[in-house]
Amino acid sequence: MSDLAPRFRALLDAFASYKPGKVPAAVAGQAHKLSSNESPYGPLPSVAEVIAEAGRGVNRYPDNGAEALTAAIAERFGVPAEHIAVGCGSVGVLKQLVEAVSDPDAEVLYAWRSFEAYPPLVALAGATSIQVPLADETHDLAAMAAAVTPRTRLVLVCNPNNPTGTVVGRRQLTEFLDQVPGDCLVVLDEAYREYIRDESVPDGVDLYRDRPNVAVLRTFSKAYGLAGLRVGFLIGHPPVADAVRKTMLPFTVSSIAQAAAVASLAAEAELLERVETVVKERDRVRSALLADGWTVPVTEANFVWLRLGEHTAAFAAACEGSGLAVRPFAGEGARVSIGTPAANDAFLATARAFPHHT
């Protein structure tokens, strides 16, 4: 037997793979997962029926072009079908996009901290990450504009930002877009768009229409409650959407996911009532934390951010001891998803008892 081992890219020697939010262990019969920004509600009954029916046909491959879903998205957002590309969640679409722009000398620019999948996606594609520190927990767009170079192929703007929940408004964003060269693609990652109530925040779909170098990412994982089915989409001008389609793994969006997404768009009014419930709980949780002495940025997503620094691990452990799973970022802070009222009450009680308020 040979002592030689299979050879892999040297990059993997120092590579940390994506780690999803933890599933909590029950404590005193209580377990609440607040680590992955999921909807606390299952699919609507009408959507669940469609999912069950679609399951009868899983012996057949799905529609690789997702024609019915593409048509439904086009109608919902008032955009041409050729401006749409779908994928395995918005992160799957982003992976396809990063692969499409990445030459060996390419740079991908984004704020940090932001969505934790950005660095590994860029690294695996062979591009270079350029990270611009947040200012007051949100994007420093002036610094990001200054960091654009001829090697910058892609700029990511997560709005609302994950994990801080903060947003950038219309004036700041349009001024930034005006400064980015036309051959550099800007992607507005709007996974949490449905939770925004700040009217100064623009809808990326409005901004992209007359800007060929702007595209928008959306997902059915959060507000639509289909995280387990993995379906997201991009809206961009035809060269951008075409590039995403070319890098798509065949049949990557299952037939069940496609059917559920179409049904969810048809039931959107009912779904958005649930979103409003989450928004009200979000505001309740933040107000309670502020009243208890915590510093919590204004959030327009379905989570809150606690800047804990060196106390982050201890806080996550305290939550775990109460049957709660949150998302800690070592040495920085914790992101806590908004769950059911009972889950939120359990989290607030744990936070109130924690000895360090920031």
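These numbers were taken from a predicted model, which means no experiment stands behind them. (Residues numbered from 1 in each chain as written. Predicted model: local features only at pLDDT ≥ 70, side-chain atom pairs only at ≥ 80, totals over all residues. Heavy atoms only, no water.)

Engineer: Quick question: what am I supposed to make of the overall build of the chain here?
Structural biologist: When you go through the chain residue by residue, the secondary structure sums to twelve helices and twelve strands. For a compact globule of 358 residues, the expected C-alpha radius of gyration is about 21 Å, and the chain comes in at 21 Å, within 12% of that figure. Judged by the C-alpha coordinates and their principal axes, the chain covers about 65 × 55 × 50 Å. Counting all 358 residues of the chain, 51% fall into the buried class. In the chain, once contacts between residues fewer than 6 apart in sequence are set aside, the share between residues at least 24 apart is 73%. Here the chain displays about 15,900 Å² of accessible surface, and carbon together with sulfur accounts for 55% of that area. Of the side chains in the chain, 32 bear a positive and 41 a negative charge, and the two mean positions are spaced by 3 Å. (Helix = DSSP H or I, 4+ residues; strand = E, 2+ residues; numbered from the N terminus. Rg over C-alpha atoms; globule rule 2.2 N^0.38 Å. Buried < 20%, exposed > 50% of the residue type's maximum accessible area, 1.4 Å probe, protein only. Contact = heavy atoms within 4.5 Å. Areas by Shrake-Rupley, 256 points an atom, 1.4 Å probe, with all protein chains shown as cover. Lys, Arg positive; Asp, Glu negative; His and termini not counted. Charge placed at Lys NZ, Arg CZ, Asp CG, Glu CD.)

Engineer: Explain unusual backbone geometry to me, please; I cannot follow it from the model alone.
Structural biologist: Peptide bonds are, in most cases, trans, and in most cases residues other than glycine have a negative phi. With an omega of 0 degrees, the peptide bond between Asn159 and Pro160 qualifies as cis. Each neighbour pair has its own omega, and for Asn162 with Pro163 the value is 25 degrees, a cis peptide bond. Inspection of the secondary structure puts Pro163 in the loop between strand 5 (152–158) and helix 6 (170–179). At Asn37, a position not held by glycine, the phi torsion is positive, near 55 degrees. One can find Asn37 in the loop between strand 1 (32–33) and helix 1 (45–54).

Engineer: I tried to follow the packing of helix 1 against helix 9 (residues 255–266) on my own but got confused; where do I start?
Structural biologist: Pairs of packed helices are described in terms of their axes, by the angle between the two and the distance that separates them. Closest axis-to-axis distance for the helix 1/helix 9 pair is 9 Å, and the angle between their directions is 155 degrees. Considered as vectors, helix 1 and helix 9 are oriented roughly antiparallel to each other. Crossing of helix 1 against helix 9: the hand is right-handed. Here helix 1 contributes Val47, Val50, Ile51 and Ala54 to the contact with helix 9, which in turn contributes Ser255, Ile256, Ala259, Ala260, Ala263 and Ser264. Looking at side-chain class alone, the contact of helix 1 with helix 9 contains eight nonpolar, two polar and no charged residues. (Axes fitted to C-alpha atoms, helices over the stretch in contact; angles between N-to-C directions. Parallel < 35°, antiparallel > 145°, perpendicular 65-115°, else oblique. Left-handed = near helix turned anticlockwise from the far one by under 90°. Nonpolar A, V, L, I, M, F, W, Y, C, P; charged D, E, K, R; others polar.)

Engineer: Mind showing me how you'd approach empty space enclosed by the protein here?
Structural biologist: Any empty space left between the atoms is revealed when a probe the size of a water molecule rolls over them. Summed over the entire model, instances satisfying the criterion amount to one cavity of 30 Å³ or more. Contributing to the lining of the largest cavity are Ser39, Tyr41, Gly42, Tyr195, Ala223, Tyr224, Gly225, Leu271, Arg274, Val275 and Val278. Taken together, the residues of the lining of the largest cavity break down into seven nonpolar, three polar and one charged. (1 Å grid on protein atoms, 1.4 Å probe; cavity = no way out; pocket = protein on both sides within 12 Å on 5 of 7 lines; lining within 4 Å. Points joined across faces, edges and corners; volume = space filled by probe spheres on them.)

Engineer: How should I be thinking about the nonpolar core in this particular structure?
Structural biologist: Among soluble globular proteins, nonpolar side chains are generally buried collectively. Ranked by internal contacts, the top residues of the largest apolar core, which has 49 residues, are Phe176 and Phe220. Sequence-distant contacts of Phe176, that is, excluding residues within four places in its chain, are made with Leu141, Met144, Ala145, Val155, Val157 and Val186. Within the second largest apolar cluster, 32 residues are counted, among which are Ala191, Val278, Ala334 and Val336. (Core = buried A, V, L, I, M, F, W, Y, C linked by side-chain atoms within 4.5 Å.)

Geometric descriptors of this kind do not, in isolation, establish any biological role.
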